Amino acid sequence: MACKMDITFENGTKMPALGFGTWRASDEEVEKALNEALEAGYRHIDTAPVYLNEKTIGKVLKEWMDAGKVTRDELFIVTKLPPHGTRASTVEKFLRKSLDDLQLEYVDLYHVHVPFTVPEVDGPFLVEDGLIVLETTTDHIALWKAMEEVYEAGLARNIGLSNFNQRQIQRILDNCQIKPANLQIENHIYLQQPELVKFCKANGITVTAYSPLGSKGIEKLLGREVPDLLDNPVVKEIAEKLGKSPAQVLLRHLLQRGISTIPKSTNPKRLRDNIDLFGFEIEDSDMVRLNQLDQNIRICDFGFFPGITKHPEFPF
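Residues numbered from 1 in each chain as written. Predicted model: local features only at pLDDT ≥ 70, side-chain atom pairs only at ≥ 80, totals over all residues. Heavy atoms only, no water.

- Under an unreviewed UniProt entry, the name given to the protein chain is NADP-dependent oxidoreductase domain-containing protein, and the organism recorded is Aedes albopictus.

### Concerning the overall build of the protein chain
Turning to step 1, where the next piece is worked out: If you tally the helices and strands in the protein chain, you get eleven helices and twelve strands.
Turning to step 2, where the next piece is worked out: Its C-alpha atoms give the protein chain a radius of gyration of 19 Å, within 12% of the compact-globule value 20 Å for 316 residues.
Turning to step 3, where the next piece is worked out: Along the three orthogonal principal directions, the C-alpha set of the protein chain runs to about 55 × 45 × 40 Å.
Turning to step 4, where the next piece is worked out: Per-residue burial over the protein chain gives 56% buried out of 316 residues.
Turning to step 5, where the next piece is worked out: Roughly 13900 Å² of accessible area belongs to the protein chain as shown, and the carbon and sulfur atoms make up 48% of that amount.
Turning to step 6, where the next piece is worked out: When the 37 positive and 46 negative side-chain charges of the protein chain are each reduced to one mean point, those points stand 2 Å apart. (Helix = DSSP H or I, 4+ residues; strand = E, 2+ residues; numbered from the N terminus. Rg over C-alpha atoms; globule rule 2.2 N^0.38 Å. Buried < 20%, exposed > 50% of the residue type's maximum accessible area, 1.4 Å probe, protein only. Areas by Shrake-Rupley, 256 points an atom, 1.4 Å probe, with all protein chains shown as cover. Lys, Arg positive; Asp, Glu negative; His and termini not counted. Charge placed at Lys NZ, Arg CZ, Asp CG, Glu CD.)

### So, the nonpolar core
Nonpolar side chains in soluble globular proteins generally cluster together in the buried interior.
Turning to step 1, where the next piece is worked out: Y42, Y110, I169, L183 and L290 are the most contacted members of the largest nonpolar core, which totals 84 residues.
Turning to step 2, where the next piece is worked out: Beyond its immediate sequence surroundings of up to four residues, Y42 is in contact with L18, G19, F20, A37, L271, N274 and I275.
Turning to step 3, where the next piece is worked out: Within the second largest apolar cluster, ten residues are counted, among which are V114, V118, F125 and I308. (Core = buried A, V, L, I, M, F, W, Y, C linked by side-chain atoms within 4.5 Å. Contact = heavy atoms within 4.5 Å.)

### Details of the packing of aromatic side chains
Turning to step 1, where the next piece is worked out: Across all of its chains, the model carries eleven aromatic pairs by this definition.
Turning to step 2, where the next piece is worked out: Taking 6.2 Å as the distance between ring centres and 50 degrees as the angle between the ring planes, the aromatic pair formed by W23 and F304 counts as tilted. With W23 in the loop between strand 3 (20-21) and helix 1 (27-40) and F304 in the segment after helix 11 (284-291), this pair connects stretches of sequence that are 281 residues apart.
Turning to step 3, where the next piece is worked out: On the basis of relative accessibility, which here comes to 26%, the residue W23 falls in the partly exposed class.
Turning to step 4, where the next piece is worked out: Seen from their ring centres, F125 and F305 are 5.8 Å apart, and the 55 degrees between their planes marks the pair as tilted. Highlighted residues: F125 in the loop between strand 6 (109-112) and strand 7 (127-128) and F305 in the segment after helix 11, separated in sequence by 180 residues. Neither residue differs from the other here; F125 and F305 are each classed as buried.
Turning to step 5, where the next piece is worked out: Between the NZ or CZ atom of K69 and the centre of the ring of W64, over which it lies, the distance is 4.0 Å.
Turning to step 6, where the next piece is worked out: Its end group placed over the ring of F280, R252 keeps NZ or CZ at 5.9 Å from the ring centre. (Phe/Tyr/Trp six-rings, centres within 6.5 Å; stacked < 30°, edge-to-face > 60°. Lys NZ or Arg CZ within 6 Å of the ring centre and 35° of its normal.)

### Some details on the pairing of strand 11 (residues 206-210)
Turning to step 1, where the next piece is worked out: Counting buried positions along strand 11 gives five out of five residues, so the element sits mostly inside the fold.
Turning to step 2, where the next piece is worked out: What you see with strand 11 is no split at all: T206, T208 and Y210 on one side and V207 and A209 on the other are buried throughout.
Turning to step 3, where the next piece is worked out: Judged from the five bridges that link them, strand 10 (residues 182-186) and strand 11 form a sheet pairing that is parallel. Paired with N182 across the strands is T206, a residue of strand 11.
Turning to step 4, where the next piece is worked out: The parallel pair strand 10 and strand 11 is bridged by helix 6 (residues 194-202), and the resulting crossover is right-handed.
Turning to step 5, where the next piece is worked out: The pairing of strand 11 with strand 12 (residues 260-261) spans two bridges and is parallel. If you follow A209 over to strand 12, its bridge partner there is T261. (Pairing = 2+ DSSP bridges. Right-handed = clockwise from strand over helix to strand, strands pointing away.)

### Quick look at the sheet that holds strand 4 (residues 44-46)
Turning to step 1, where the next piece is worked out: On the basis of which strands lie adjacent, the open sheet formed by eight strands has the order 3-4-5-6-9-10-11-12 and parallel pairing. Strands with a single pairing partner mark the edges of an open sheet, and in this sheet they are strand 3 and strand 12.

### Let's talk about the pattern of salt bridges
Two side chains with opposite charge may pair up if their charged atoms get near one another.
Turning to step 1, where the next piece is worked out: Tallied over the full model, the rule gives 22 salt bridges.
Turning to step 2, where the next piece is worked out: In this structure, K59 engages E63 in a salt bridge whose closest nitrogen and oxygen atoms are separated by 3.1 Å. Remark: E63 and K59 occur in helix 2 (residues 54-66); sequence separation between them is four residues, near one turn of the helix.
Turning to step 3, where the next piece is worked out: The class of E63 is partly exposed, set by a relative accessible area of 36%.
Turning to step 4, where the next piece is worked out: Here D231 ties to K236 by a salt bridge, and the two come within 3.0 Å at their closest N and O atoms.
Turning to step 5, where the next piece is worked out: A single salt-bridge network, built from bridges that share partners, covers E237, K241, E283, D286 and R289. (Salt bridge = Lys/Arg side-chain N within 4 Å of Asp/Glu carboxyl O.)

Laid out in structure tokens, this is it:
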């Protein structure tokens, strides 16, 4: 079963609305899971240098293309400019490194991963006195010009943003030649960000939701508990009524809001369940009930970067 719904960018590019996320998946896990995902019909694959698995993803993609099981045109590959590359002078270098690791000539969408910058390193980010070292001269206007240059060079078919707030996006809109095609943000029933989504849609920017199922698996990384979205009584009731899983309800809710999403799973059954979203709809009254669950609870607040809130471009 393949994804049967696309999100269309202003330039006419179509991106499968349901993608496969690869954050916090080891090389061994991602190799097995990506093969399962491609078998299940996923063609939108989301990664990033800081996930430390782009070489393995590239290996799997090349194996599939060399075997004739998929063509490059059928794939939609997304990666990101990392926090230690968020400056104009290093955009092309980091993109070319990702292309080498992914064994691709271009990516379909290249995001600026975060709106802040840390010093360039070849290894773990620098920490002093328990706090991450910051580079506070982040210049979004110059940065975006460099993003436009890799777009014009054909290294990225589309360019976008991730984790930027409305003020930061507006700054780019006011100074760009090529608008961001997509904004990738945390979005789920407890953090629906309706005003930001509305702003993006009004400006022709599509939205992709990460952590759509709540990311219970990152509790140890964060050092705190996070809410269990799958255990929400309203979600469970609607799932039972539809004969679907709570995860399918959460993902379908995003799709019906016009938001693409990139759930991550290394479990073969869940991978297949997560893409099986196109033979049912959540009725309007239940969409309203799900919309009313919004509590403005952010899970991925970058608390795993101690001291990052001191950066002048910290977005939250």
